[in-house]
Amino acid sequence: MAFSDGAAGAGTTTPAAPDYSPAAWPEPVPLLPRSPLDPLGTVLIPPAERQLFTRDLTVEPTSAAPQPAVPPTEPPPGGQGAWAAPGLLPAPPAQRPGTDRPRARLLPLPGSGEARRRRLLERVRVPLRACHRIAVLGGPAEGAVTVLGALLAEHRADPVLVLTTAGSAGSECRPGGRLVLRSVRPDPAALREALGESGGHYPVVLADTTGAGAEVQLAAVEHADQLVLCAPASAAGARTADALLDHLTALGHDGLVRGAAAVFTPAPATDRPIADRDLLPHFRTRCRGALTVPAHPHADPAALRSRARLDYLELAALIGDGMADRQG
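On a predicted model such as this, the values are computed, not experimentally measured, just so you know.

What to know about the pairing of strand β6 (residues 226–232)
Okay, step 1: For β6, the buried fraction is high: 6 of the 7 residues fall into the buried class.
Okay, step 2: Pairing of strand β1 (residues 132–138) with β6, which is carried by 5 bridges, proceeds in the parallel orientation. Bridge pairing in β6 links leucine 137 to leucine 229.
Okay, step 3: Relative to strand β7 (residues 261–265), β6 is paired through 5 bridges, and the arrangement is parallel.

Below, the structure is given as structure tokens:
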């Protein structure tokens, strides 16, 4: 029902709206100046104002009548979750022996990645007294050879030449720094000639024959001081890599096989991939080392993620180990 002041119509009297205002309003609380208690700017609330933010939790009975007694609650059997007192909240469950100690939080060791990087760089920066030729064999490595050459040129004080049988023969480019890329004809005689001429100008030479014919790859092996075997991390790639190592051993290159580095790239979608735990241990028994690296079609190691860069740096460290053995 709507209320009015009684002037709505002649002869009609409507009661006025009730007034719920208190008989006396409380005195306003004066705002006192506040001053910081410490340099952090903590401000003390005066007692007069503090009452505005607190409540009196004491409940006074409204009558003198006796309050009904609360029947005691029976504790549950077994003592687990027993009540602390009748009518109160249950006590917290008892701690089992040995669980009152705080758990130790396992955190990664600070600088562990940087320490690994320094150890790898020490292996990469092996001094050389003669040209070190590296034959890269196997299937297409999807830019792994170029990244390896770029890392060797970046972390060593030597220029690095990468001879590749892909691209236009005779073309040469310098992606940056001390790395030189040169294309040769996919012919055994042309590769032998290029390897013979480059030995006096470049301390480190990589002959990338991945994807080339068997005769071209064997020509690179004839001049090699170290081997890098590339294959996809798949069932077919593992079989092909094993067969190539057996063939090289039968040709009398067992020393190069034992000092080789086996590098596996991601498996193609058309083949069954093999996990590292099933693939790498086998080839580590046959070669100096085996690892997997991500596909990287570019020659700039700066574009690699930190984990992928460490993987390629580990490959460069295996090359450094072969350099150290050769110098010894």
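Right, picking up where we left off after that structure.
Digging into the packing of helix α6 (residues 235–250) against helix α8 (residues 276–284)
Okay, step 1: Where α6 meets α8, the axes come as close as 12 Å, and the angle between the chain directions of the two elements is 0°. Compared by their axis directions, α6 and α8 come out roughly parallel. Contact residues: Ala238, Ala241, Asp242 and Leu245 in α6; Leu279, His282 and Phe283 in α8.
Okay, step 2: Of the residues belonging to the contact of α6 with α8, the class tally is 5 nonpolar, 1 polar and 1 charged.

Observations concerning the pattern of salt bridges
Okay, step 1: Counted under the stated rule, the structure contains 14 salt bridges.
Okay, step 2: Arginine 117 is the salt-bridge partner of glutamate 114, the closest N and O atoms lying 3.6 Å from each other. Note that glutamate 114 and arginine 117 are positioned in helix α2 (residues 112–124) at a spacing of 3 residues, about one turn of the helix.
Okay, step 3: Using a relative accessible area of 38% as the deciding quantity, one classes glutamate 114 as partly exposed.
Okay, step 4: With relative accessibility at 28%, the residue arginine 117 sits in the partly exposed group.
Okay, step 5: Measuring nitrogen to oxygen at the nearest pair gives 3.9 Å for the salt bridge that ties aspartate 311 to arginine 307. A residue pair is termed a helical-turn pair when its members lie 3 or 4 positions apart in one helix, as aspartate 311 and arginine 307 do in helix α9 (residues 306–327) at 4 residues.
Okay, step 6: Taking the relative accessible area as the measure of exposure, arginine 307 reaches 60% and is therefore exposed.
Okay, step 7: One connected set of salt bridges, linked through shared partners, spans Glu172, Arg174 and Arg182.

The rules behind each value
Residues numbered from 1 in each chain as written. Predicted model: local features only at pLDDT ≥ 70, side-chain atom pairs only at ≥ 80, totals over all residues. Heavy atoms only, no water. Buried < 20%, exposed > 50% of the residue type's maximum accessible area, 1.4 Å probe, protein only. Helix = DSSP H or I, 4+ residues; strand = E, 2+ residues; numbered from the N terminus. Pairing = 2+ DSSP bridges. Axes fitted to C-alpha atoms, helices over the stretch in contact; angles between N-to-C directions. Parallel < 35°, antiparallel > 145°, perpendicular 65-115°, else oblique. Contact = heavy atoms within 4.5 Å. Nonpolar A, V, L, I, M, F, W, Y, C, P; charged D, E, K, R; others polar. Salt bridge = Lys/Arg side-chain N within 4 Å of Asp/Glu carboxyl O.

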